[in-house]
Amino acid sequence: MAEADHKILSAEIKLGSQYYFYMETQTALAVPDEDNCIVVYSSIQAPEYAESTISRCLGIPEHNVCVITRRVGGGFGGKAMKAIPVATACALAAYNLRRPVRMYMNRKTDMKTTGGRHPMEVTYNVGFKEDGKITALHLDILINAGIGTDISPIIPLFMVGAIKKYDWGAFSFDIKVCRTNHSSKSAMRGPGEVQGTFISEAVIEHVASVLSMDVDSFNMCNKWRQRGISRVPIVQEVLLRSNPGKVSILGDGSVAVEVGGIELGQGLWTKVKQMTAFSLSAIKCDGMGDFLDKIRIIQANTLSLIQEGLTAGSTTSECSCEAVRICCNILVERLTRIKENLQEQMGSVEWGILILEVEVNLLTGQTTILQSDIIYDCGQSLNPAVDLGQIEGAFVQGIGFFMLEEYLSNSDGLVIPEGTWTYKIPTIETIPRQFNVEIMNSGHHKKRLLSSKASGEPPLLLAVLVHCATRAVIKEARKQLLRWKGLNESDSTFQLEVPATMSIVKKLQCLL
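We now turn to the structure provided with this report.

Some points on the environment of Gln509
By the secondary structure assignment, Gln509 is in the segment after helix H11 (502–508). Relative accessible area serves as the criterion here: at 0%, Gln509 is assigned to the buried category. Between the C-alpha atom of Gln509 and that of Leu481, which follows or precedes it by 28 residues, the distance is 8.3 Å. Those residues in contact with Gln509 that sit more than four places away from it in its chain are Val360, Asn361, Leu362, Ile474, Ala477, Arg478 and Leu481.

Quick notes on the pairing of strand S6 (residues 120–128)
Alignment of strand S1 (residues 6–15) against S6, held across eight bridges, turns out to be antiparallel. Bridge pairing in S6 places Lys14 opposite Glu121. With nine bridges connecting them, S6 and strand S7 (residues 134–146) associate as antiparallel partners. Residue pairing across strands places Tyr124 opposite Leu139, the latter belonging to S7. Once S6 ends, the chain turns through five residues before running back antiparallel as S7, passing Gly132 with a positive phi of about 100 degrees.

So, a nonpolar patch on the surface
Together, Trp224, Leu363 and Trp484 give the surface a local cluster of nonpolar side chains, amounting to about 350 Å² of exposed area. The topology assignment puts Trp224 in the loop between helix H5 (193–210) and strand S9 (225–231).

Examining the sheet that holds strand S2 (residues 27–33)
Within a sheet, neighbouring strands are paired by backbone hydrogen bonds and run either parallel or antiparallel to one another. Taken together, the five strands give an open sheet; going across it, the order is S5-S2-S3-S4-S13, and neighbouring strands pair in mixed fashion. Of all the strands in the sheet, just strand S5 (101–104) and strand S13 (300–301) have a single pairing partner and so form its edges. With four bridges joining them, strand S3 (residues 37–42) and strand S4 (residues 65–69) adopt parallel strand pairing. Along S4, the bridge assignment pairs Tyr41 with Ile68. Those strands touched by helix H1 (residues 47–58) are S3 and S4, and its axis lies near 150 degrees from that of S4. Contacts between helix H2 (residues 83–97) and the sheet are confined to S2, S3 and S5, with S2 contributing the most and set at about 30 degrees to the helix.

Some details on the packing of aromatic side chains
According to the stated counting rule, one finds 13 aromatic pairs in the structure shown. Ring plane angle 35 degrees and centroid distance 5.5 Å describe the contact between Tyr19 and Tyr407, whose orientation is recorded as tilted. Given a relative accessible area of 0%, Tyr19 falls into the buried group. Judged by its relative accessible area of 5%, Tyr407 falls in the buried class. Three or more aromatic residues joined by ring pairs form one cluster here, namely Tyr19, Tyr20, Phe21, Tyr22, Tyr407 and Tyr423. The ring of Tyr22 is capped by Lys79, whose NZ or CZ atom sits 4.4 Å from the centre of that ring.

Some details on the nonpolar core
Counting residues in each nonpolar core, the largest one holds 66 residues, and the members touching the most others are Tyr124, Val126, Ile141, Leu356, Phe395 and Phe402. Among the elements that take part in this core, helix H10 (residues 464–485) stands out by supplying eight residues, more than any other. Setting aside residues no more than four positions away along its own chain, Ile141 makes contact with Met120, Glu121, Val122, Met159, Asp174, Ile175, Lys176 and Ile199. Membership of the second largest hydrophobic core comes to 22 residues, among which are Val247, Val255, Met275 and Leu280.

Considering the pattern of salt bridges
Two side chains with opposite charge may pair up if their charged atoms get near one another. One pass over the full model with this rule turns up eleven salt bridges. Salt-bridge contacts for Glu258 lead to Lys246; the nearest nitrogen and oxygen are separated by 3.7 Å. Here Lys246 lies in strand S10 (residues 245–249) and Glu258 lies in strand S11 (residues 255–259), a separation of twelve residues in the sequence. Take Glu258: its relative accessible area is 11%, and that puts it in the buried class. A salt bridge links Asp387 to Lys271, with the shortest nitrogen-to-oxygen separation between them at 2.6 Å. Among the charged side chains, a network of salt bridges with common partners joins Lys108, Lys112 and Glu418.

Considering empty space enclosed by the protein
With a probe scaled to a water molecule rolled over the atoms, the places where space remains empty come into view. What the largest cavity holds in volume is close to 60 Å³. Looking at the largest cavity, the residues that line it are Phe198, Glu201, Ala202, Glu205, His467, Cys468, Arg471, Gln495 and Leu496. For the lining of the largest cavity, the elements supplying multiple residues, two or more each, are H5 and H10. No other element matches the four residues that H5 contributes to the lining of the largest cavity.

Let's talk about the sheet that holds S7
Strand order in the open sheet formed by four strands is S1-S6-S7-S8, with mixed pairing between adjacent strands. On the outer flanks of this sheet lie S1 and strand S8 (170–179), each paired with one strand and no other. Within the sheet, the average angular offset between the axes of one strand and its neighbour, ignoring direction, is 10 degrees. Of the strands in this sheet, S6, S7 and S8 touch helix H4 (residues 155–163), which is tilted by about 150 degrees from S8. H5 rests against S1, S6 and S7 of the sheet, and its axis sits at about 140 degrees to S1.

Cut-offs used in this document
Residues numbered from 1 in each chain as written. Predicted model: local features only at pLDDT ≥ 70, side-chain atom pairs only at ≥ 80, totals over all residues. Heavy atoms only, no water. Helix = DSSP H or I, 4+ residues; strand = E, 2+ residues; numbered from the N terminus. Buried < 20%, exposed > 50% of the residue type's maximum accessible area, 1.4 Å probe, protein only. Contact = heavy atoms within 4.5 Å. Pairing = 2+ DSSP bridges. Patch = residues over 30% accessible without salt bridge, like charges linked within 9 Å, V, L, I, M, F, W, Y side chains within 5 Å. Areas by Shrake-Rupley, 256 points an atom, 1.4 Å probe, with all protein chains shown as cover. Salt bridge = Lys/Arg side-chain N within 4 Å of Asp/Glu carboxyl O. Axes fitted to C-alpha atoms, helices over the stretch in contact; angles between N-to-C directions. Phe/Tyr/Trp six-rings, centres within 6.5 Å; stacked < 30°, edge-to-face > 60°. Lys NZ or Arg CZ within 6 Å of the ring centre and 35° of its normal. Core = buried A, V, L, I, M, F, W, Y, C linked by side-chain atoms within 4.5 Å. 1 Å grid on protein atoms, 1.4 Å probe; cavity = no way out; pocket = protein on both sides within 12 Å on 5 of 7 lines; lining within 4 Å. Points joined across faces, edges and corners; volume = space filled by probe spheres on them.

Structure, rendered in structure tokens:
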């Protein structure tokens, strides 16, 4: 910090929460079985975790508990830890009553109890040279974990990884995870990385503002509509988890496949099915036809395939496909030997970047995304159509976090929103009018499973650009107002909150 020509001290950033808003709320069905066993059908991202918890709650061995998950109607992290209490309560009631019990939460109850993304308060000190080079950055971060621990202790790890995408010189931080009277917060798509990316960009924007390094656009010619263009890089470290797989070829040639990953709508089953067909096609037998029609993916069952782990972090599809590929390779090796023997006996047997343009109505504060151009590196995509949907969906959910969704709590820690009347998610009016996404094939990667790159969470980080571009528009509007008043244009430093709703944008333009 001593080497800096300029310093910004005690600047503040506040980041709000975000609700998962999956289509299917928390739900479970428990059915008592013979031999003091119980079967639980749960909408959960981690069946193995529910099995362990139910076992301890009922006081029975884990092999007496079977948790089955066919699919999950949207998760985004909200069906990881938060689904366990619902499944356990349902199992407890069914076990004691000796009859099936079904539980589900309506949207109002789900919003009030499930938590969401971690709110944060950040104070930072940054030192920098006259040419813009940053020499030192110190962050004091308070993370609102709510009333329970959940996964909150690992959020700082993800945050620091995202913040380190820039060279800050002397970088230090003090991160505290705080227990509060709010509902317990949990993992949500890109946990920690989203907030870390925004903090990095907010600091960079602040430094650029102080040094007047911004470039004016056509805004000088337009009084009531202003535009801003912003460009940011993203870096997200993804973790590989062990994931089991099982491939069975039945007597009629059909194939049953089990994997540890849960289908959440991310296309995991589609990719696994394609990988199975591709790997087994090496046998090259007649009558295979459209092999995809002969493959079925079996629902997750904790007693059939153990150590399933957690479906999260954008890499479960790749890990599941790799497990299936290994199984198929073993089967192909065995069947090839059989084929050769039959031939002797019978003769023959046949990564991302985003450029974005926004427009802000200075009278109402409404932000319109005119165009977004995303180029995303998927490595060698396992399924471009599925990955394309993941990229678009993650980016739109990020727009909700940075621009729309106010997941507020009152003084008693109770969640205020109860549905879409008071909680605004992205709609057809808020997504980019021209939404361009291109998947780049960067070829073979030795250190990537199947040369595929994650597409579930990293694209969400790109949505920080919408906030940055909106901030650029507000800055131009404030300068324009200062020019009209004959005041110093350099006095336009401000912090744009997250989410940057219409009222906040309008207020910061000084036009209220």
